[in-house]
Amino acid sequence: TKGPPECNCEYPWHGSDCKILPFPPPPPPSPPSPPAPPSRWRSIAPLNEARLGHAVGVLNDIVYVAGGKSANGGKLLASVEKFDSRFGNWSVDANSLPLLDISPGVKVGRKFLVMVAAQEMLWAFGGSDGVQPINNVLFFNGVSPWVESPAFAMPTVRIFHGAGALQDASRGVM
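Residues numbered from 1 in each chain as written. Predicted model: local features only at pLDDT ≥ 70, side-chain atom pairs only at ≥ 80, totals over all residues. Heavy atoms only, no water.

A. Inspection of unusual backbone geometry at higher detail. The backbone of Asp-61 sits at a positive phi, close to 65°, despite the residue not being glycine. Its identity as a non-glycine residue notwithstanding, Gln-119 has a phi of 55°, on the positive side. Positionally, Gln-119 belongs in the loop between strand E9 (114-118) and strand E10 (121-125). (Helix = DSSP H or I, 4+ residues; strand = E, 2+ residues; numbered from the N terminus.)

Okay, here's the thing in structure tokens:
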């Protein structure tokens, strides 16, 4: 009798038609080991204005803290502070978040927004004007003023949310 044809398949396939996997299949690769924890936490200088409900993002190795509610009086903030680790201190960035109109003649900052870095910019999403959630999206390149574009507005308001960025250059998606 004639035996099975010789297999010229690439691993892990075998059989005359190269469609049979070995049994049992090889185990999946082990997950990577977690990074070592920091040897210790250290304190840095405090913000110039204590705040809560603020957003934090990192762009070009500078930490930005934006908006929130003042811990000393409860006023909604539009200010942005930045921490440059080369100097070890916080400074108020010249580019504050745009103020929100909540009624004629009344403009306020924002709280409970989120920030994420993508496409060499910081993006700020949603939050609240202190009365209602908002759906706007702002972006900032670290130099020019923050830009709000209705074209980027989210279809649904967001508050108490999170954000992350998916880089997909082939589709221009964030």
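Picking up where we left off.
B. Representation of the pattern of salt bridges. According to the stated counting rule, one finds four salt bridges in the structure shown. Of the charged contacts, one joins Asp-93 and Lys-82 as a salt bridge, the two residues approaching to 3.2 Å between their closest N and O atoms. A residue pair is termed long-range when its members are at least 10 positions apart, and Asp-93 in the loop between strand E6 (89-92) and strand E7 (100-103) and Lys-82 in strand E5 (residues 80-84) qualify at eleven residues. (Salt bridge = Lys/Arg side-chain N within 4 Å of Asp/Glu carboxyl O.)

C. Broad picture of the pairing of E5. Most of E5 is tucked away: four of the five residues are buried. Pairing of E5 with E6 involves four bridges; the strand directions are antiparallel. The residue bridging Glu-81 from the neighbouring strand is Val-92, located in E6. Connecting E5 to the antiparallel partner E6 that follows it, the hairpin turn spans four residues, and Gly-88 within it adopts a positive phi of roughly 75°. (Buried < 20%, exposed > 50% of the residue type's maximum accessible area, 1.4 Å probe, protein only. Pairing = 2+ DSSP bridges.)

D. Quick look at the sheet that holds strand E3 (residues 62-66). Strand order across the open sheet formed by four strands is E2-E3-E5-E6, with antiparallel pairing between neighbours. Every other strand in the sheet has two partners, leaving strand E2 (55-59) and E6 as the edge strands with one partner each. The sheet shows a mean angle of 25° between the axes of neighbouring strands, taken without regard to direction. Of the pairings in the sheet, the one linking E2 to E3 comprises five bridges and is antiparallel in character. Within E3, the position partnered with Val-58 by the bridge is Val-63. (Axes fitted to C-alpha atoms, helices over the stretch in contact; angles between N-to-C directions.)

E. Quick peek at the sheet that holds E10. Strand order in the open sheet formed by four strands is E9-E10-E11-E12, with antiparallel pairing between adjacent strands. The open sheet has two free edges, formed respectively by E9 and strand E12 (147-148), since each of these has just one partner strand. The pairing of strand E11 (residues 137-140) with E12 spans two bridges and is antiparallel. Directly across from Phe-139, in E12, lies its bridge partner Val-147.

F. Spatial organisation of the packing of aromatic side chains. Scanning the model with the defined rule gives seven aromatic pairs in all. With centroids separated by 4.6 Å and ring planes inclined at 45°, the aromatic side chains of Phe-112 and Phe-160 adopt a geometry described as tilted. Placement of Phe-112 in the loop between strand E8 (106-108) and E9 and of Phe-160 in the segment after E12 is noted, with a sequence separation of 48 residues between them. Assessed through its relative accessible area of 23%, Phe-112 is described here as partly exposed. Residue class for Phe-160 comes out exposed when judged on its relative accessible area of 63%. Both rings, one in Trp-123 and one in Phe-152, keep their centres 5.3 Å apart while their planes meet at 70°; by these two values the pair is edge-to-face. Separated by 29 residues along the polypeptide, Trp-123 in strand E10 and Phe-152 in the segment after E12 bring together distant segments of the chain. The class for Trp-123 is buried, based on a relative accessible area of 3%. Residue classification places Phe-152 among the partly exposed positions, given a relative accessible area of 41%. Among the aromatic side chains, those forming a connected cluster through ring pairs are Tyr-64, Phe-140 and Trp-146. (Phe/Tyr/Trp six-rings, centres within 6.5 Å; stacked < 30°, edge-to-face > 60°.)

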